[in-house]
2 protein chains.
Amino acid sequence: MGEFDLIRRFFTRPTPHAVLGVGDDCALLQSAPGMQMAISTDMLVSGRHFFADTDPQALGHKCLAVNLSDLAACGARPLAFTLALALPEADEAWLAPFAQGLLALADAHGCELIGGDTTRGPLSICITVFGEVPAQSRNPRHPLVPTSALLRSGAQAGDDIYVSGTLGDAALALQALWGQVALPPEVLVQARQRLERPSPRVALGQALRGVASACADVSDGLIGDLGHILERSALGARVDTERVLPLLAARSHFPGGSVQFDQQLSHAPDAQHPAALALQCVLAGGDDYELVFCAAPAQRDAVQAAATQSGTPVTRIGTMQAAPGLHLVDGQGRTVAPQFASFDHFSASRSRPA
Amino acid sequence: MGEFDLIRRFFTRPTPHAVLGVGDDCALLQSAPGMQMAISTDMLVSGRHFFADTDPQALGHKCLAVNLSDLAACGARPLAFTLALALPEADEAWLAPFAQGLLALADAHGCELIGGDTTRGPLSICITVFGEVPAQSRNPRHPLVPTSALLRSGAQAGDDIYVSGTLGDAALALQALWGQVALPPEVLVQARQRLERPSPRVALGQALRGVASACADVSDGLIGDLGHILERSALGARVDTERVLPLLAARSHFPGGSVQFDQQLSHAPDAQHPAALALQCVLAGGDDYELVFCAAPAQRDAVQAAATQSGTPVTRIGTMQAAPGLHLVDGQGRTVAPQFASFDHFSASRSRPA
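Undergrad: Would you mind going over the pattern of salt bridges with me for this structure?
TA: For side chains of opposite charge, pairing can occur when their charged atoms come near one another. Tallied over the full model, the rule gives 20 salt bridges over all chains. With a closest N to O distance of 3.3 Å, R152 of chain A and D25 of chain B form a salt bridge. Here the residue R152 of chain A occupies a position in the loop between β5 (124–134) and β6 (160–164), and D25 of chain B occupies one in the loop between α1 (3–11) and β1 (27–29), the pair thus bridging two chains. The same class applies to R152 of chain A and to D25 of chain B, which are both buried. For E132 of chain B, the salt bridge identified is with R77 of chain B, shortest N-O distance 2.8 Å. Remark: R77 of chain B occurs in strand β3 (residues 77–87) and E132 of chain B occurs in strand β5 (residues 124–134); sequence separation between them is 55 residues. Owing to a relative accessible area of 11%, E132 of chain B belongs among the buried residues under this scheme. One salt-bridge network, held together by shared partners, links R194, R201 and E290 of chain A.

Undergrad: Just checking my understanding: could you explain the sheet that holds strand β4 (residues 112–120) of chain B for this structure?
TA: Whether parallel or antiparallel, the strands of a sheet pair through hydrogen bonds between backbone atoms. A sheet is described by the order of its strands in space; here 5 strands give the open sequence β1(A)-β2(B)-β5(B)-β3(B)-β4(B), paired in mixed fashion. Of all the strands in the sheet, the pair left with one neighbour each is β1 (27–29) of chain A together with β4 of chain B. Strand-to-strand twist across the sheet, computed as the mean angle between neighbouring axes with direction ignored, equals 20°. Sitting on the sheet, helix α3 (residues 92–108) of chain B is in contact with β3, β4 and β5 of chain B, with an inclination near 165° to β3 of chain B.

Undergrad: Can you walk me through the interface of chain A and chain B in this structure?
TA: Each partner contributes residues to the interface: chain A has 77 residues there, and chain B has 77 residues. Of the roughly 5,700 Å² buried between chain A and chain B on both sides combined, carbon and sulfur atoms contribute 58%. Along the contact surface separating chain A from chain B lie 2 salt bridges. Across the contact surface, chain A and chain B share 17 residue pairs in polar contact (both at pLDDT 80 or more). At 10 residues, strand β2 (residues 35–45) of chain A tops the list of elements feeding residues into the side of chain A that touches chain B. In the side of chain A that touches chain B, the residues fall into 41 nonpolar, 20 polar and 16 charged.

Undergrad: Teacher, can you tell me more about the sheet that holds strand β7 (residues 214–218) of chain B here?
TA: Residues and elements named next belong to chain B. Pairing in this open sheet of 6 strands is mixed, and the strands run β7-β9-β6-β10-β8-β11 from one edge to the other. Looking at the sheet topology across the chains shown, the edges are occupied by β7 and β11 (325–329). For this sheet, the mean inter-axis angle between neighbouring strands, taken without regard to orientation, is 25°. Where strand β6 (residues 160–164) lies against strand β9 (residues 290–295), 4 bridges are found, and the strand directions are antiparallel. Bridge pairing in β9 places Y162 opposite F293. Packing of helix α11 (residues 300–310) onto the sheet brings it into contact with β6, β9 and β10 (314–321), and relative to β10 it is tilted by some 145°.

Reading the values: the criteria
- Residues numbered from 1 in each chain as written.
- Chains lettered and ligands numbered in written order.
- Predicted model: local features only at pLDDT ≥ 70, side-chain atom pairs only at ≥ 80, totals over all residues.
- Heavy atoms only, no water.
- Salt bridge = Lys/Arg side-chain N within 4 Å of Asp/Glu carboxyl O.
- Helix = DSSP H or I, 4+ residues; strand = E, 2+ residues; numbered from the N terminus.
- Buried < 20%, exposed > 50% of the residue type's maximum accessible area, 1.4 Å probe, protein only.
- Pairing = 2+ DSSP bridges.
- Axes fitted to C-alpha atoms, helices over the stretch in contact; angles between N-to-C directions.
- Contact = heavy atoms within 4.5 Å.
- Buried area = accessible area lost by both parts, 1.4 Å probe.
- Polar contact = N/O pair within 3.5 Å; in protein donor to acceptor, adjacent residues only side chain to side chain.
- Nonpolar A, V, L, I, M, F, W, Y, C, P; charged D, E, K, R; others polar.

Laid out in structure tokens, this is it:
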């Protein structure tokens, strides 16, 4: 089967919102008056971001989900995406479920496939996603950027810090799949679902426009992604580990027994102790695709309303502060050992063990 | 060096036109009123689209050039692009010249780098490019698509067919680099320049809006890309090989001697004969990044004016016709053997010989 046949067969679909979809040299999109286009791109590489034998339907879902998560972080409404796909071979048995997983999520978010490219090569997937947000001529949160989009900049000292949903289960699943920890089968099934079929917080992101002062998605781990907000907002933060650690959904079935985050452990976790692994997963695990965001204390009701409206639980985990740095504290305000590095694709921390 | 440092160092630049550039979860672009965004994406994979040891500066140039060529085919003005890059290692000695080649071409076209992704993996490059074209509520050439963009559809029977620039030299260079043909060094240098540093016909594309009835870029070979116009316009075409074959710039220094496209050869070229290779390169070679377009005979002066205005030579090579199929004819209108397949990434035709 030729390249063009492949594209036609699996990826050509009606595009009721785009001016022009797949099949020409370019796709054409037209923004509604007063709207801006939010754009993000992510490349997923086999062996790096997913196992080569990952269920193609789940992979199709995930590669769009991680992009939609970036739109969510900006509070943008999804519109469309392009797909560039390098494949070792034109294998229908792989392409059919991949397209199914991809397009089911696309349909769920009204996000049209408008163009793409297919080539032979080591399996990798590059998606560029387009969303829209209203322009806003003067936004006091980021005076230089005339937008209603949620940005990483804009947080103020004293703002509350929140995260959506749960954290760390995807990273725990990865550890289990690598054979680094043993999980009961039913726990692994749940955690693996988080790893392979993340739910981008698109509705929450949109509901937070005008409420949150800053926002990022948690793709590389809470510490790293909150770190982006700190850097772009030129602030520091205190995060209460006793509020964060319970966000691990698998905590009650943790390898080595239910994790009790007692004072001593959260002070100086022993890397061999289950609680250290739990802490690592929650704070720096990555692949959560939740939102971490800031909002003034006066917005607490509005934040809860946004959470309710979007059907997304949120948890307040800390406070932005003028003093620089990210300070992990326990419930009594005592510093917790901060030896948790964020996930970095060029560090060795996340490479699959040989 | 970490991923984020890499991105910052080489790819963070001012974006005077974008609302927001690199550094947040999304970039933000706002179209001027009445404008549409033209979007295209292309992935280039090491060993497939370029040699692993290709000069990184040339590669940086080329990977944006092939995307700008898609904008050119639509008559769009380049605005911005995103870059997703998978690299085996974070090698500054490679990244610095790659960024230099990429950004020099971007600057030449006023095309801003607004976002991206960097990851470890087999070398591949995915660029998504954004341009703009005026909306047009009723365009008789394609009544269902309210745009002034040049599309593959829209050609009429009787329209002239043109190509810009020269054809086939990139494919000839590839044959030489694979060791399939021998070229004099100075000829190879010129041909290789076409392969590695194509010049997207951005100015010509814009000048052809309102003049050309249909347009495509010649990336996969003239026959294949003109074939897209035929298919989308539901027409056939006659192409005069005696007008096309001289477009090979290297023809006078061709291996085996200067190629004379006499009647006999163009009728039934022997695959071993230099003229057969020349014909293959010109008609089906790929990597030309010229434009193939149609225009009514009444537009001949306007086409020449567009060519002059954009400083781009164009050659009239044939005629669109109602009868389906692509008919290659010689100067006397006699059919030429049509055994030239288009370049298809999933066919074996273009794989690097083992």
